[in-house]
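Notes for the structure review
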Amino acid sequence: IAKSWELSPDGLQWTWTIRDGVKFHNGDTLTADDVLFSLDRHHGPDATENAIHSIFVQQSKQTVSQEKVGPETIVVTQNQPNATYPFLMSELHSSDSHGAVLPKNYWEQVGGKQGYENKPVGAGPFKLVEFKRSEQMLWERFDDYYFTPENGFPEDRRVRFKTLDERLVPEMATRVSALRAGQADMIEASLEAKSQVEAGGGRLIFIPEASYSQIRPMGCWQPELSCHDKRVRYALDYAIDKELIRNQLFGGPEVAQLLGFEGVTPSALGYSPELDALPYDPEKARQLLAEAGYPGGEGFPPFKIFTWDGGDVPLQPQQAELIADMWKENLGLQVTVEVGDTVAIRQKAQNRELDGHVYFRSNEGRFDGGSLMRSATDPENDNRMSEDPQLFRAVNEALAVLDPAKRHEAYNKAYRTIWEEHYYWSTVYVNLPWGVSNRVATWEPWPLGPYASALWTLTLK
């Protein structure tokens, strides 16, 4: 939507020039007024109410003003340099509108949020023509989609098929049956379904570095908690056999990998091999735990691993059970797994009700993890993983580096500082399998996202 942008020398002011000729699905022209209206909902005074993610509540606190200064120009002023800001503007999960530019006039005509949600209008490559809640979304190609060479883009991203019919089908077996019967061309799949998909003439295609698992011992900055001692945190990590998890649970390196640190996978900004997972070393783990005052787990308080089923990383509860067994066997710890509702567990974590326990969750891969670094180290964030001012300072220094040529090194330095303290870490990242029918000739999904990306690279026979 922005045809160009500039950053002031002090790194505090972004100037956006909005593209001409963009149409909403109802025929209205997209203007700078629509962009400003959307930005105000994302980062304006009401952003804390509209945002669905803590990262964007933080962003609203860093936003001083958002102003339209010309027919096509918007200026956003912030109170500190933030190199990750353009990435956040490009990701589609910033508010209740999920990052889309909202049509201001239409929003007001239909009575605001409720009316818009009942019949949404956007400016993307598809327009919604039918919606059955929790069942179906039927899309139709939008011929006036703006992403074409005529509008200065390097390629034409208007799709060459007319309709996209999306169905919500929770059961894997039903999805596979639909694929084999020719009722579906793309399904969320699993390795277990591989033989059935192939028997029907289809195949699996993997989205690289789509998601990853996080181990978060909660509240470890508090001196009264056992994990306050860094040796405990390292002991917990050394005691996990990640290769066993990769090979026995996920079926090997085609699906799961041990490279990287949380969202910092090989395709991500700031990755280096120094951030890879610790090796499995139960003897080292026992030694560190004993040095911290808990020989054989003696005196270590019982705790739980809180996790949930489903989501962007499959087999999370099974992975949690394996980790719990390893901690019991290798360290003598008393640990149980509690599988619950996603929203409820996240709320408990935010309310600090999980401090002293382990929060085991998944998250999407991403190129720029600056917001994750800030979220984990900001002492004012409810989801913080530490209260170490050195870590927060290291993150802010990295996010203040705005020169694209220097950002990789800056991010890597901050990540390595965080990794060294080991307040949190990852077990595996996963390449998520999708099943495609024999009608699909090629598909090259983009890495770093569990959704069906890059549909314009999909060709039918």
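A brief structural summary. The model shown is predicted, which means the values in this text are computed figures rather than measured ones.

Let's shift gears to the pattern of salt bridges. Inspection of the entire model under this criterion finds 20 salt bridges. A salt bridge links Glu130 to Lys132; the nearest nitrogen and oxygen atoms lie 3.6 Å apart. By relative accessible area, which is 31% here, Glu130 ends up partly exposed. Classification of Lys132 by relative accessible area gives partly exposed; the value is 35%. Salt-bridge contacts for Lys230 lead to Glu421; the nearest nitrogen and oxygen are separated by 3.6 Å. Of this pair, Lys230 sits in helix α9 (residues 230-238) while Glu421 is found in helix α16 (residues 404-421), placing the two residues 191 residues apart along the sequence. Taking the relative accessible area as the measure of exposure, Lys230 reaches 29% and is therefore partly exposed.

Here we come to the nonpolar core. Of all hydrophobic cores here, the largest spans 88 residues; its most connected members are Phe250, Ile305 and Trp327. Apart from the residues within four sequence positions on either side, Phe250 is in contact with Leu191, Ile245, Val255, Ala256, Val313, Pro314, Leu315, Gln319, Val428 and Val430. Val22, Leu30, Tyr85 and Tyr106 belong to the second-largest nonpolar core, a separate cluster that totals 26 residues.

Before going further, it helps to examine the sheet that holds strand β6 (residues 136-141). The antiparallel open sheet is built from three strands, whose spatial order is β5-β6-β7. Single-partner strands in this sheet number two, and they are β5 (126-132) and β7 (163-167). Here the strands of the sheet are splayed against their neighbours by 20° on average, with no regard to which way each runs. Strand direction decides the pairing type here: β5 and β6, joined by six bridges, are antiparallel. Across the sheet, Phe126 pairs through a bridge with Arg141, a residue of β6.

Quick look at the state of the cysteines now. Here is the idea: a disulfide is a covalent bond, and it sits between the sulfur atoms of two cysteines. All told, the structure shown has one disulfide when counted by the stated rule. Here Cys220 pairs with Cys227 through a disulfide, and the sulfurs are 2.1 Å apart. Judged by the sign of its S-S torsion, about -105°, the cystine formed by Cys220 and Cys227 is left-handed. Each member of the pair, Cys220 together with Cys227, is buried.

As a further point, take the packing of helix α14 (residues 370-377) against α16. When two helices pack together, their arrangement is given by the angle between the helix axes and the distance between those axes. Contact pair α14 / α16: the axes reach a minimum separation of 11 Å and the direction vectors enclose 35°. Where α14 crosses over α16, the two elements pack in a sense that is left-handed. Facing α14, whose interface residues are Gly370, Met373 and Thr377, α16 presents Tyr411, Ala414, Tyr415 and Ile418. Residues of the contact of α14 with α16, tallied by class, amount to five nonpolar, two polar and no charged.

This paragraph deals with the pairing of strand β13 (residues 358-364). Within β13, six of the seven residues are buried, which leaves it mostly tucked inside the rest of the structure. With seven bridges joining them, strand β9 (residues 203-217) and β13 adopt antiparallel strand pairing. Within β13, the residue paired with Gln214 across the bridge is Arg361. The pairing of strand β11 (residues 303-307) with β13 spans two bridges and is parallel.

So, about the packing of aromatic side chains. Summed over all chains, the structure comprises 22 aromatic pairs. Here Tyr106 and Tyr116 contribute two aromatic rings whose centre-to-centre distance is 6.4 Å and whose plane-to-plane angle is 75°, an arrangement assigned as edge-to-face. Highlighted residues: Tyr106 in helix α5 (residues 104-109) and Tyr116 in helix α6 (residues 113-118), separated in sequence by 10 residues. Their ring planes at 85° and their centres at 6.4 Å tell us that Tyr234 and Trp419 sit as a pair that is edge-to-face. Linking Tyr234 in helix α9 with Trp419 in helix α16, this pair joins segments that are 185 residues apart in sequence.

Structurally, the position occupied by Ser267 is in the loop between β10 (256-257) and α11 (282-291). Spatially, the C-alpha atom of Ser267 lies 35 Å from that of Leu225, the residues being 42 residues apart in sequence. Sequence-distant contacts of Ser267, that is, excluding residues within four places in its chain, are made with Glu209, Phe367 and Leu448. Among the polar contacts made by the side chain of Ser267, one reaches the side chain of Glu209 at a distance of 2.7 Å.

Here the phi dihedral of Glu209 falls at roughly 50°; this positive angle occurs in a residue that is not glycine. Along the polypeptide, Glu209 turns up in strand β9. The phi torsion at Leu448 lies on the positive side, around 65°, for a residue other than glycine. Structurally, Leu448 is set in the loop between β15 (440-442) and β16 (459-460). Accessibility expressed as a relative area gives 12% for Leu448, which makes it buried.

What follows deals with the sheet that holds strand β2 (residues 13-18). Read from one edge to the other, the open sheet built from four strands follows the order β1-β2-β4-β3, with strand pairing classed as antiparallel. At either margin of the open sheet sits one strand with a lone partner, and together these are β1 (2-7) and β3 (63-70). Across the sheet, the mean angle from the axis of one strand to that of its neighbour is 20°, orientation sign disregarded. Note: β2 against strand β4 (residues 73-78), five bridges, orientation antiparallel. Across the sheet, the residue bridging to Trp14 is Val76, located in β4.

Time to look at the side chain of Asn412. Tracing the backbone through its elements, the reader meets Asn412 in helix α16. On the accessibility criterion, Asn412 (10% relative accessible area) is buried. Within polar-contact distance, the side chain of Asn412 engages the backbone oxygen of Gly270 at 2.9 Å. In terms of polar contacts, Asn412 uses its side chain to reach the side chain of Ser272, at 2.9 Å.

Thresholds, definitions, all that
Residues numbered from 1 in each chain as written. Predicted model: local features only at pLDDT ≥ 70, side-chain atom pairs only at ≥ 80, totals over all residues. Heavy atoms only, no water. Salt bridge = Lys/Arg side-chain N within 4 Å of Asp/Glu carboxyl O. Buried < 20%, exposed > 50% of the residue type's maximum accessible area, 1.4 Å probe, protein only. Helix = DSSP H or I, 4+ residues; strand = E, 2+ residues; numbered from the N terminus. Core = buried A, V, L, I, M, F, W, Y, C linked by side-chain atoms within 4.5 Å. Contact = heavy atoms within 4.5 Å. Pairing = 2+ DSSP bridges. Axes fitted to C-alpha atoms, helices over the stretch in contact; angles between N-to-C directions. Disulfide = S-S within 2.5 Å. Left-handed = near helix turned anticlockwise from the far one by under 90°. Nonpolar A, V, L, I, M, F, W, Y, C, P; charged D, E, K, R; others polar. Phe/Tyr/Trp six-rings, centres within 6.5 Å; stacked < 30°, edge-to-face > 60°. Polar contact = N/O pair within 3.5 Å; in protein donor to acceptor, adjacent residues only side chain to side chain.

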